[in-house]
Amino acid sequence: MLSLRTANGVSVPASVKQLSREAGQSAPYSVRGMLRSRGSRRRVVRVALLRYAWQTPRPGSPVIARWTDQQVREIFAAENTWSVEQYWWRASMGLVDLVFDFYPWRTLPGMQATLDVGRGAVNDLIRAQAASDGVPLDKYDQICTLLDPPPGDRGATHSPGDVVVDEAPFAHEFFQHEFGHLMGYEHAFGLRATDQTWQAYIDNFDVMADSLNNTRNIPAAQDLAGLPLPPGLLFWRSGRRLSAASLYRYESAFASSPSVVRVPTKASQSVRLVALSKGRFGDPVVAVVSTAKGDVTIEYRIAEGDDSAMSQAPALVVHSIGRRPLPPKAHEINPVVFEAQAAARIGTTIAISERDVQANVTAGGGGANSVTLNITA
């Protein structure tokens, strides 16, 4: 059976030729070739979205109206171009598909003041209560729980892991970021200027770094105009893309695909890269050099789509994987580390600090949909 995923603006029936092209397949077109190129590599993540309210809230907790079923579906799973599900479908180039089941508000027994001590402990309580309430948890890969009332220690428990969040105190990008952890993406790192150490969240080019950086405004749907939010909260902000480096690091189907151009060491190679926000699965969007010290990746970013508010674009962006020492308490294993950025225009040269990998722009760039680099390693 052939299953077709549709979105706003897409009509069916769709031809095998059309679907194959969208999946990055070259002629001759066939259903088998299309599935080999895209469909068979899709990773489905099944999520139970639970809602729990404390039986005895903490004294003085704010009273904020709970989101309706329709509002929750719009924010997390609607085909509206900006929901959490829609964002991650684009950011993963269709390799990860979030599938939600929604559950009604239920009561979490006990006193919030004594039990709401951390997201991990609260998540254990929620899982136990959900099982008692008859939620078939074994059907799901992870759970996400909206908890009332705020505030508390909220976010992902692991990567991959469950997510515990409050409805109100966050920008929309926070949900996108935490669902990245739910699916297995770790934090992006960078060099902290104050003490020259490699720390999490320091990457302007990855949604798995700091929040509200290079985010774009999204228009609230008309039926969400009355969404209950705290005064002054910048909720309607959507994150920039997941970096191609993170896709390479955490998605094996991407790492083994034509979207990754591998450049050998002790060589010089001309490479054409498509801008990440314009690329589809199969388009070359990242160059990777595997050195003795670890991988070095190069990608091209323009102010388009999820990156439309990116002030640094058009840019070449260099990340490394496995080359940098992390803080002693960091739990991440060989995460993506931001190394350098440079304006993408002809003649620009960008290099990793040790200069064993560098790239020079020979064509394109400047906001064009692709750029040609001469990469020397």
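For the structure, see preceding data.
A brief structural summary. Because the structure is a prediction, the values reported are computed rather than measured. (Residues numbered from 1 in each chain as written. Predicted model: local features only at pLDDT ≥ 70, side-chain atom pairs only at ≥ 80, totals over all residues. Heavy atoms only, no water.)

What about helix 7 (residues 172-183)?
Owing to its 3.6 residues per turn, the α-helix aligns residues three or four sequence positions apart on the same side. Using the following cut-off: Strands are runs of DSSP state E lasting at least two residues, helices are runs of H or I lasting at least four, and both sets are numbered from the N terminus onward. Given a helix with a known number of residues, its expected span is that number minus one, times 1.5 Å. In this scheme, a residue with accessible area under 20% of its type's maximum is buried, one over 50% is exposed, and one in between is partly exposed, where area comes from a 1.4 Å probe on protein chains only.
For helix 7, built from 12 residues, the straight-helix expectation of 16 Å at 1.5 Å per residue is met to within 8% by its first-to-last C-alpha distance of 17 Å. When you tally the buried positions in helix 7, you get 12 out of 12 residues, the bulk of the element. When we look at burial in helix 7, the residues that qualify are H172, E173, F174, F175, Q176, H177, E178, F179, G180, H181, L182 and M183. Downstream of helix 7 by a residue or two, G184 has a phi angle that is positive, lying close to 115°.

Re the packing of helix 4 (residues 84-91) against helix 7
Put simply, the rule reads: Working convention: axes come from line fits to C-alpha atoms, limited for helices to the stretch in contact. Angles between N-to-C directions cover 0 to 180 degrees. Here is the rule for angles: anything less than 35 degrees is roughly parallel, anything more than 145 is roughly antiparallel, 65 through 115 is roughly perpendicular, and the remaining ranges are oblique. Helix crossings fall into two classes, left-handed where the near helix is turned counterclockwise from the far one by less than a right angle and right-handed where it is turned clockwise. Between two residues, a contact is recorded if the distance between any of their heavy atoms is within 4.5 Å. Lys, Arg, Asp and Glu make up the charged group, whereas Ala, Val, Leu, Ile, Met, Phe, Trp, Tyr, Cys and Pro make up the nonpolar group; the residues left over, Gly among them, are polar.
As a packed pair, helix 4 and helix 7 sit with axes 10 Å apart at the nearest point and diverge in direction by 60°. The angle between the axes of helix 4 and helix 7 places the two elements in the oblique class. The chirality of how helix 4 crosses helix 7 is right-handed. Facing V84, Y87 and W88 of helix 4, the residues of helix 7 in contact are H172, F175, Q176, F179, G180 and M183. Split by residue class, the contact of helix 4 with helix 7 holds 6 nonpolar, 3 polar and no charged.

Looking at the environment of L316
Turning to its location among the elements, L316 is positioned in strand 14 (residues 315-321). As a C-alpha pair, L316 and Y300 span 16 residues in sequence and 4.8 Å in three-dimensional space. Residues in contact with L316, not counting those within four places in the same chain, are E299, Y300, A340, Q341, A342, A344, I350, V361, V371 and L373.

Some remarks on the sheet that holds strand 4 (residues 155-156)
Rules: Should DSSP find at least two bridges between two strands, the strands are taken to pair.
The strand order 2-1-3-5-4 describes an open sheet built from 5 strands, whose pairing is mixed. Each of the sheet's edge strands pairs with one partner strand only, and the pair in question is strand 2 (96-111) and strand 4. Sheet topology note: the strand 1 (residues 43-56)/strand 2 ladder contains 12 bridges and is parallel. Bridge pairing links R43 to V96 in strand 2.

Considerations on the sheet that holds strand 16 (residues 349-351)
Spatial strand order, 11-18-17-16: 4 strands in an open sheet with antiparallel pairing. Both edges of this open sheet fall to strand 11 (268-274) and strand 16, since each of them pairs with a single strand only. Adjacent strand axes in the sheet meet at a mean angle of 30°, parallel and antiparallel pairs treated alike.

In short, geometric facts, not functional conclusions.
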